[in-house]
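Structure assessment
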Amino acid sequence: MIVKPFAAVRPAANVAAQVAALPYDVYDRTEAAAAVEGEPLSFLNIDRPETQFSPDVDMYAPEVYAKARELFDARRADGTFVTEPDPCFYLYELTMNERTQTGVVACCAIDDYMEGVIKKHENTLEKKELDRIRHIDALDAQTGPIFLTYRDSDAIDMMVAGVKKTAPLYDFTSDDGVTHRVWRMAGSSEEPACAKAYDGLVAAFAKVPCAYIADGHHRAASAVKVGLARREANPGFDGTEEFNYFMSVLFPSSQLSILAYNRVVHDLNGLTKEQFLDKLTGEKGPFEILHKQEGQLEPIDKGAVGMYLDREWYGIGVRPEFENDDPVEGLDVSILQEKVLSPILGIDDPRTDERIEFVGGIRGLRELERKVNRIDAKGGEAVAFAMFPTSINELLNVADAGRLMPPKSTWFEPKLRSGLFAHVI
């Protein structure tokens, strides 16, 4: 696969912690507006420019994207952001709960994405793509790095380890307790390890057969579509233009951790609690009840699901006859979708059905209880499913098979911060 260095627009070292922000899609509009209050340097102001307007303004209006460009230019003018004079690679290390992952920050080729060298495992939604397309076009820059993974390479590991012995460019801990460290690698690096890595990474990644999108499917698809549109607008392009590449952080797969992506369904599709349990765990049901308990119940193995219904927790397990070795159909999230959510609860398209809500595992099981209890208190009858996390090997196997997972199958933590790097196109 192809990687190349780039001349990043990045925060000055003394303000990096103030600029770094969680990804744009972690927040809804109200949460984003609250998050930028009193934080004028937070990149979320630029990533979610509707926060600069009253709630009645269309968040996709042209003036909203124009505001993003205005703020981006202002931060470059006032010295909040600096522009590298020469192309660089970077390392980006994140440490959460004493677990560390280190990725290479580089640009990847849109042709590798188009030709399947960079593999995906999720479908994207057109509305979400259009938002990021407009954002990239307005800024003439990609500002949200794509989270990629690859099967481990000893050669890359050795270069990364050498660079990490040098002094970092950034070193700070965010409010959520995640420590972020960044190293800069330029061709003119005075540090031998940095210079060696700069010269060696292109060759080392050329021996990596493929990479996988772990997180950022919409950002990747949007960056690629902008690049293709600019190719069409510039028929004399020679492939070296920056719009032919998109900004990524590439992590070895062994370092990654996937959390569960849980589900809350807002009603029982007209069924009583007893009818629902019978269809789910009765003689012909796809699951069996393993046990019940009063406290929270987190699944501890593949095929197990924690279910919260009517203020009770149930441990349920997939019956053997419903297990499957297929890389997609055998996923716990697929079995739940195909055997429960669709036929029993009527959730045929979880990407668009407003009756289902997805809750990242980082929020914990208490959040599932809170959501179900709130719906029940209003006269409803909701149910939550706590999933066992999809494994990184399952993700790689699905992508290698050229298949797609059900939406919201994986939740990666820690989240890459936006604003630490921007790639001008």
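For the structure, see preceding data.
Per chain, residue numbering runs from 1 following the sequence as it is written. Only residues with pLDDT of at least 70 get local features here, since the model is predicted, and only at 80 or more are side-chain atom pairs given and counted; chain-wide, interface and lining totals rely on the full set of residues. With hydrogens and water stripped out, all remaining heavy atoms of the structure feed into the side-chain values.

**Notes on the overall build of the protein chain**
Secondary structure elements follow DSSP: runs of H or I of four or more residues count as helices, runs of E of two or more count as strands, with numbering from the N terminus. Per the secondary structure count, the protein chain includes 13 helices and 21 strands. The C-alpha atoms of the protein chain give a radius of gyration of 23 Å, which matches the 22 Å a tight globule of 425 residues would have. Taking the principal axes of the C-alpha coordinates as reference, the protein chain spans close to 70 × 50 × 45 Å. When accessible area is computed with a 1.4 Å probe and restricted to protein chains, residues below 20% of their type maximum are described as buried, those above 50% as exposed, and intermediate ones as partly exposed. Looking at the protein chain residue by residue over its 425 residues, the buried ones come to 54%. With the model as given, the accessible surface of the protein chain reaches about 18,600 Å², and the carbon-plus-sulfur share is 48%. Positive charges come from Lys and Arg alone, negative charges from Asp and Glu alone, with His and the N- and C-terminal ends not counted. One atom stands in for each charge, and that atom is NZ of Lys, CZ of Arg, CG of Asp or CD of Glu. Computed over 47 positive and 69 negative side-chain charges, the separation of the two mean positions in the protein chain equals 1 Å. We take the radius of gyration over the C-alpha atoms and set the globule estimate at 2.2 Å times the residue count to the 0.38 power. For every accessible area listed, the method is Shrake-Rupley and the probe measures 1.4 Å; residues are considered covered only by the protein chains on display.

**With respect to unusual backbone geometry**
Negative phi is the rule for most residues except glycine; trans is the rule for most peptide bonds. Here the residue pair Glu413 and Pro414 is connected by a cis peptide bond, since its omega of -5 degrees sits within 30 degrees of zero. Relative to the helices and strands, Pro414 is located in the loop between β20 (411-412) and β21 (423-424). In the Ramachandran plot, Asn269 falls in the positive-phi region, its phi being about 60 degrees despite a non-glycine side chain. Inspection of the secondary structure assignment puts Asn269 in the loop between β14 (261-265) and α10 (273-281). The class for Asn269 is partly exposed, based on a relative accessible area of 37%. Even without glycine at this site, Arg311 takes up a positive phi of about 60 degrees. Inspection of the secondary structure puts Arg311 in the loop between β16 (304-309) and β17 (312-318). Using a relative accessible area of 54% as the deciding quantity, one classes Arg311 as exposed.

**Comments concerning the packing of helix α7 (residues 154-163) against helix α8 (residues 192-206)**
Taken N-terminus to C-terminus, the directions of α7 and α8 make an angle of 160 degrees; their axes are 9 Å apart at the nearest point. Here α8 runs roughly antiparallel to α7, going by the angle between their axes. Judged by the twist between their axes, the crossing of α7 over α8 is left-handed. Contact with α7, carried on its side by Ile156, Met159, Gly162 and Val163, involves Ala193, Cys194, Lys196, Ala197, Gly200, Leu201, Ala204 and Phe205 of α8 and no other residues of that element. Partitioned by chemical class, the residues of the contact of α7 with α8 number nine nonpolar, two polar and one charged. Throughout, an axis means a line fitted to C-alpha atoms (over the contacting stretch in the case of helices), and angles, computed between N-to-C directions, take values from 0 to 180 degrees. The scheme is simple: roughly parallel for angles under 35 degrees, roughly antiparallel for over 145, roughly perpendicular for 65 to 115, oblique for anything else. By convention, the crossing between two helices is left-handed when the near helix turns anticlockwise from the far helix through less than a right angle, and right-handed when the turn is clockwise. Every residue pair with non-hydrogen atoms within 4.5 Å of one another is taken to be in contact. Note on residue categories: nonpolar means Ala, Val, Leu, Ile, Met, Phe, Trp, Tyr, Cys or Pro, charged means Asp, Glu, Lys or Arg, and polar means any other residue, Gly included.

**What about the side chain of Ser418?**
Note on placement: Ser418 falls in the loop between β20 and β21. Overall, the relative accessible area of 4% leaves Ser418 in the buried class. For Ser418, the side chain forms a polar contact with the side chain of Asp47, separated by 3.5 Å. Setting aside residues up to four positions removed in sequence, Ser418 forms contacts with Val19, Ala20, Ala21, Leu22, Pro23, Phe43, Asp47, Thr143 and Gly144. Here a polar contact is recorded for every N or O atom pair within 3.5 Å, except that within protein the pair must consist of a potential hydrogen donor and a potential acceptor, and residues adjacent in sequence are included only if both atoms are side-chain atoms.

**Points about helix α12 (residues 365-377)**
To estimate the expected span of a helix, subtract one from its residue number and multiply by 1.5 Å. Compared with an ideal rise of 1.5 Å per residue, which puts 13 residues at 18 Å, α12 spans 18 Å between its outermost C-alpha atoms and is within 8% of the ideal. Taken together, the buried positions of α12 are Leu365, Glu367, Leu368, Glu369, Lys371, Val372, Asn373, Ile375 and Asp376. Contacts made by the buried residues of α12 are with β14, β16, β17, β18 (356-360) and β19 (383-387). Trailing α12 by a residue or two, Gly379 shows a phi angle of about 95 degrees, which is positive.

**What about the packing of helix α6 (residues 126-139) against helix α9 (residues 217-233)?**
Across the interface, α6 lies against α9 with an axial gap of 8 Å and an inter-helix angle of 55 degrees. Here α6 lies oblique to α9, going by the angle between them. Helix-helix and strand crossings are classified by hand; for α6 and α9 the assignment is right-handed. Mapping the contact onto sequence places Lys128, Glu129, Arg132, Ile133, Ile136 and Asp137 in α6 and His218, Ala221, Ser222, Ala223, Lys225, Val226 and Arg230 in α9. Here the residues of the contact of α6 with α9 sort into five nonpolar, two polar and six charged.

**Considering α7**
Within the sequence span of α7, burial applies to Ile156, Met159, Val160, Gly162 and Val163. Seen from one end, α7 has its buried residues packed into an arc of 160 degrees, which puts them on one side. Looking at α7, the residues exposed on the side facing more than 90 degrees away from the buried face are Asp154 and Met158. By arc we mean the arc of the directions from the helix axis to the C-beta atoms, nothing more.

**So, the state of the cysteines**
Count a disulfide wherever a pair of cysteine sulfur atoms falls within 2.5 Å. This structure, assessed with the given rule, holds zero disulfides. Distance from the sulfur of Cys107, which forms no disulfide, to the nearest cysteine sulfur (Cys108) is 7.5 Å. Between Cys210, a cysteine without a disulfide, and Cys108, which holds the nearest cysteine sulfur, the sulfur-to-sulfur distance is 12 Å.

**Looking at the nonpolar core**
Residues belong to a common nonpolar core when they are buried Ala, Val, Leu, Ile, Met, Phe, Trp, Tyr or Cys residues joined through side-chain atoms within 4.5 Å. Ranked by size, the top nonpolar core spans 65 residues in total, and within it Phe276, Met307, Leu345 and Phe385 carry the most contacts. Membership of the second largest hydrophobic core comes to 40 residues, among which are Tyr113, Ile133, Ile136 and Val160.

**Regarding the environment of Lys67**
Checked against the element boundaries, Lys67 lands in helix α4 (residues 62-77). Distance in space between the C-alpha atoms of Lys67 and Gln52 is 7.9 Å, their sequence separation being 15 residues. Aside from chain neighbours lying at most four places away, what touches Lys67 is Pro49, Gln52 and Phe53.

The analysis is restricted to geometry; functional conclusions fall outside its scope.
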